[in-house]
Amino acid sequence: MKFFIDTANLEQIKEANDLGVLDGVTTNPSLMAKEGIKGVENQRKHYVDICNIVSGDVSAEVIATDYEGMIKEGEALAALHPRIVVKVPCIAEGIKAIKYFTGKGIRTNCTLIFSQGQALLAAKAGATYVSPFVGRLDDICSDGIDLVRRIVEMFAFYDFKTQVLAASIRNTQHIMQCIDAGADVATCPLSAIKGLLKHPLTDSGLAQFLADYKKVNG
Ligand code: G3P
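Residues numbered from 1 in each chain as written. Predicted model: local features only at pLDDT ≥ 70, side-chain atom pairs only at ≥ 80, totals over all residues. Heavy atoms only, no water.

Draft legend 1. Highlighting the packing of helix α8 (residues 144-158) against helix α9 (residues 172-181). In contact at an axis separation of 9 Å, α8 and α9 are set at 25 degrees when each is read in the N-to-C sense. As judged from the angle between their axes, α8 and α9 are roughly parallel. Crossing of α8 against α9: the hand is right-handed. The segment α8 lies against α9, with I145, V148, R149 and V152 engaging H174, Q177, C178 and A181. Taken together, the residues of the contact of α8 with α9 break down into 5 nonpolar, 2 polar and 1 charged. (Axes fitted to C-alpha atoms, helices over the stretch in contact; angles between N-to-C directions. Helix = DSSP H or I, 4+ residues; strand = E, 2+ residues; numbered from the N terminus. Parallel < 35°, antiparallel > 145°, perpendicular 65-115°, else oblique. Left-handed = near helix turned anticlockwise from the far one by under 90°. Contact = heavy atoms within 4.5 Å. Nonpolar A, V, L, I, M, F, W, Y, C, P; charged D, E, K, R; others polar.)

Draft legend 2. Highlighting the site of the ligand. In the region of the ligand, the neighbouring residues are D6, N28, L31, F133, R136, A167, S168 and R170. One of the side-chain N or O atoms of D6 is found 2.6 Å from an oxygen atom in the ligand. More than half of the atoms belonging to the ligand lie within 2 Å of the grid points that define the largest pocket. In terms of residue class, the shell around the ligand is built from 3 nonpolar, 2 polar and 3 charged. (Near = heavy atom within 4 Å. Polar contact = N/O pair within 3.5 Å; in protein donor to acceptor, adjacent residues only side chain to side chain. 1 Å grid on protein atoms, 1.4 Å probe; cavity = no way out; pocket = protein on both sides within 12 Å on 5 of 7 lines; lining within 4 Å. Sits in = over half its atoms within 2 Å of the grid points.)

Draft legend 3. Spotlight on the packing of aromatic side chains. Summed over the entire model, instances satisfying the criterion amount to 7 aromatic pairs. An angle of 70 degrees between the planes, with centres 5.9 Å apart, marks the rings of F4 and Y129 as edge-to-face. Here Y129 lies in strand β6 (residues 129-132) and F4 lies in strand β1 (residues 2-6), a separation of 125 residues in the sequence. Taking the relative accessible area as the measure of exposure, F4 reaches 1% and is therefore buried. By way of ring pairs, the aromatic residues F155, F157, Y158 and F160 are connected into one cluster. (Phe/Tyr/Trp six-rings, centres within 6.5 Å; stacked < 30°, edge-to-face > 60°. Buried < 20%, exposed > 50% of the residue type's maximum accessible area, 1.4 Å probe, protein only.)

Draft legend 4. Spotlight on unusual backbone geometry. In this model, C141 sits at a positive phi of 65 degrees, which is unusual for a non-glycine residue. Of note, C141 is situated in the loop between α7 (134-139) and α8.

Draft legend 5. Molecular detail of helix α1 (residues 10-18). The opening residue of α1 is N9, an N-cap whose side-chain oxygen sits 3.0 Å from the backbone nitrogen of E11. Just past α1, the residue G20 takes up positive phi, approximately 85 degrees.

Draft legend 6. Expanded view of the pairing of strand β5 (residues 108-113). Taking burial as the measure, the 6 residues of β5 include 5 buried ones, the bulk of the element. Here strand β4 (residues 84-89) pairs with β5 via 4 bridges, running parallel. Bridging from a neighbouring strand, P89 pairs with T111 of β5. As for the winding sense of the linkage, the β-α-β connection from β4 through helix α5 (residues 92-103) to β5 is right-handed. The pairing of β5 with β6 spans 3 bridges and is classified as parallel. Its bridge partner being in β6, I113 is matched across the sheet by P132. Crossover β5 to β6 through helix α6 (residues 116-124) is right-handed. (Pairing = 2+ DSSP bridges. Right-handed = clockwise from strand over helix to strand, strands pointing away.)

Draft legend 7. Main features of the nonpolar core. Among the nonpolar cores identified, the biggest contains 60 residues, and C110, I113, V130, V148, I151, F155 and C188 are the most heavily contacted of them. By residue number, the principal contributor to this core is α8, which donates 7 residues. Ranked by size, the runner-up nonpolar core spans 5 residues in total, among them F4, V85, Y129 and L165. (Core = buried A, V, L, I, M, F, W, Y, C linked by side-chain atoms within 4.5 Å.)

Draft legend 8. Expanded view of α9. If you check which residues of α9 are buried, you get H174, I175, C178 and A181. With its buried residues spanning 120 degrees around the axis, α9 presents them on a single face. Among the structural elements, β1, α7, α8, β7 (163-166), β8 (185-188) and α10 (190-195) are those in contact with the buried residues of α9. If you check the start of α9, you find a side-chain oxygen 3.2 Å away from the backbone N of Q173, and it comes from N171. Once α9 ends, the next one or two residues include G182, with phi positive near 85 degrees. (Arc of directions from axis to C-beta.)

The structure is reproduced here in structure tokens:
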């Protein structure tokens with residue numbers, strides 16, 4: 001399973017990339033706003049800065065919700081860097097835009113996926129990735145991981161090449177559940193990725209090894 005980091009914070013992206021296991025980055029308008037990136041030119045420069053840190057795909061989301069606007073914005077985003085993936089919301093105009101981008105060889109990430117039917121439409125339009133939002137479904141007492149599993153099974157059954165990118169991952173347990181569900185990618189906050197490292201037996205085992213070494217070697 002690939003790891004993407006779900007942030008527009010350059011320091012966190014660098015920290016995750018330095019671990020050597022980062023496969024890409026996802027952003028969205030809320031995450032860009034959180035970093036205080038204002039204005040189209042600054043936002044585009046920020047996407048290029050992110051591409052210069054990581055060697056994998058970087059999702060950049062369109063703001064337009066009409067077909068023409070999405071095409072114009074998506075083409076401008078895709079032209080910024082070869083690893084930019086245009087992120088498009090799962091609405092009717094978005095599905096049409098994904099179909100257009102697919103025909104032009106522009107890769108896409110269909111976002112705000114909350115049902116298997118939405119994932120099917122995005123895949124039929126040729127989306128590179130679909131992003132089911134795990135945490136937001138869990139928030140309303142639905143089962144986000146079950147949706148990931150069902151989309152994975154559907155894509156395998158019908159031989160879609162679209163990758164399942166589990167999003168709205170909130171914690172380390174979600175990452176483990178994504179592995180069980182067969183997600184192609186999990187996009188996670190840095191804290192959830194670092195949580196994978198934690199185990200008390202690793203800490204106590206290392207302390208014991210170092211203490212024993214010191215006893216003999218001083
Ligand atoms: O990748 C989508 C993600 O940023 C949404 O996460 O925690 O706002 O539901 P969250």
